[in-house]
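Close look at the chain arrangement
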Amino acid sequence: MRWLAWSLALLIPALAQTFEVASGEARYRVKEELLQVGITDAVGTTKAVQGRVTLQGGRVSGEFVVDLRELRSDQARRDNYLRQNTLQTDRFPTATFRPKEVKGLPNPLPQSGKASIQVVGDLTLRDVTQEVAWEGEAEFRGQEVRVFLKTEFPFEKFRLTQPRVPILLSVENRIRLEVELLLRRR
């Protein structure tokens, strides 16, 4: 009996799999209507993404952090406005996501192939934390997993104020977030 308990104690941690961000990109997309331009997608991106996730059985834990000060779009004025007003990156420089559940992930993880997944967890923007669900796909490649996820929500979910500037006629009340990650097994 003691041997069985000892074997299980060794086996359970061995089943845990930890993956670290090897590279990544985070994006926001918001439809805006600009004076003399019309309706366009404002898109800001950053490669300043760090984090790790541990999968053990049906449980998931970890944390992903995006440096919001590094977000860049095609308009420096937009970027400055978002940093100073909407996101207040001088006070809240990062966004943090802590996954709580992953649905659709094969167990055990395959060496190759793709799976549609949903990741549910807590997203913190500025000083507000809310549960969000990300939809997307995981592609397995040996010791690596490529992940593409997206989610969307209205500005008020995180108490963010929609941008209002003279050249901006309107901004859709829907923020779309996307992440592309290359996770490498540790």
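The shown structure was predicted, so the numbers you read here are calculated from the model rather than taken from an experiment.

1. So, the layout of surface pockets
Empty space within the second largest pocket amounts to approximately 190 Å³. Of all the secondary-structure elements, those providing two or more residues to the lining of the second largest pocket are β3 (49–56), β4 (59–67) and β5 (94–103). Looking at the lining of the second largest pocket residue by residue, the class counts come to 8 nonpolar, 5 polar and 2 charged.

2. Comments concerning unusual backbone geometry
At the junction of N107 and P108, the peptide bond is cis and its omega measures out at 5° in the coordinates. Relative to the helices and strands, P108 is located in the loop between β5 and β6 (112–125). In this structure, Q88 takes a positive phi of about 50° despite not being glycine. Looking at where Q88 falls in the secondary structure, it is placed in the loop between α2 (76–86) and β5. One non-glycine residue, R126, adopts positive backbone phi at about 55°. Turning to its location among the elements, R126 is positioned in the loop between β6 and β7 (128–141).

3. A word on the nonpolar core
Counting residues in each nonpolar core, the largest one holds 42 residues, and the members touching the most others are L123, L125, W134, F158 and L183. The set of elements that each furnish at least two residues to this core consists of β1 (17–34), β3, β4, β5, β6, β7, β8 (144–153) and β10 (175–185).

4. A word on the packing of aromatic side chains
Evaluation of the coordinates by the stated rule reveals 2 aromatic pairs. When the ring of F97 is compared with that of W134, the centres are 5.7 Å apart and the planes differ by 70°; the resulting orientation is edge-to-face. Of this pair, F97 sits in strand β5 while W134 sits in strand β7; the two residues are 37 residues apart in sequence, bridging distant segments of the chain. Across the pair, W134 and F97 agree in class, each one buried.

5. Comments concerning empty space enclosed by the protein
Evaluated as defined, the whole model comprises 1 cavity of 30 Å³ or more. Considered as a void within the structure, the largest cavity measures approximately 40 Å³ in volume. Together, Y28, L68, L71, D79, L82, R83 and L87 line the largest cavity. With 3 residues, α2 is the single largest residue contributor to the lining of the largest cavity. Its residues placed into classes, the lining of the largest cavity shows 5 nonpolar, no polar and 2 charged.

6. Some points on the pattern of salt bridges
Taken as a whole, this structure holds 18 salt bridges when the rule is applied. The closest approach of N and O atoms between R186 and E20, which form a salt bridge, is 3.6 Å. Note that R186 is positioned in the segment after β10 and E20 in strand β1, a separation of 166 residues in sequence. Judged by its relative accessible area of 60%, R186 is exposed. As a salt-bridge pair, R27 and E180 come within 2.6 Å of each other at their nearest N and O atoms. Taken together, the residues span a long stretch of sequence, with R27 in strand β1 and E180 in strand β10 at a distance of 153 residues. Take E180: its relative accessible area is 37%, and that puts it in the partly exposed class.

7. Examining the pairing of β6
Where a strand is regular, its side chains alternate between the two sheet faces. As judged from the 7 bridges shared by β5 and β6, these two strands associate in the antiparallel manner. In the sheet register, T96 faces β6, and the bridge partner there is T124. Bridge count for β6 against β7 is 14 bridges, and the pairing is antiparallel. If you follow S116 over to β7, its bridge partner there is E137.

About the criteria used
Residues numbered from 1 in each chain as written. Predicted model: local features only at pLDDT ≥ 70, side-chain atom pairs only at ≥ 80, totals over all residues. Heavy atoms only, no water. 1 Å grid on protein atoms, 1.4 Å probe; cavity = no way out; pocket = protein on both sides within 12 Å on 5 of 7 lines; lining within 4 Å. Points joined across faces, edges and corners; volume = space filled by probe spheres on them. Helix = DSSP H or I, 4+ residues; strand = E, 2+ residues; numbered from the N terminus. Nonpolar A, V, L, I, M, F, W, Y, C, P; charged D, E, K, R; others polar. Core = buried A, V, L, I, M, F, W, Y, C linked by side-chain atoms within 4.5 Å. Buried < 20%, exposed > 50% of the residue type's maximum accessible area, 1.4 Å probe, protein only. Phe/Tyr/Trp six-rings, centres within 6.5 Å; stacked < 30°, edge-to-face > 60°. Salt bridge = Lys/Arg side-chain N within 4 Å of Asp/Glu carboxyl O. Pairing = 2+ DSSP bridges.

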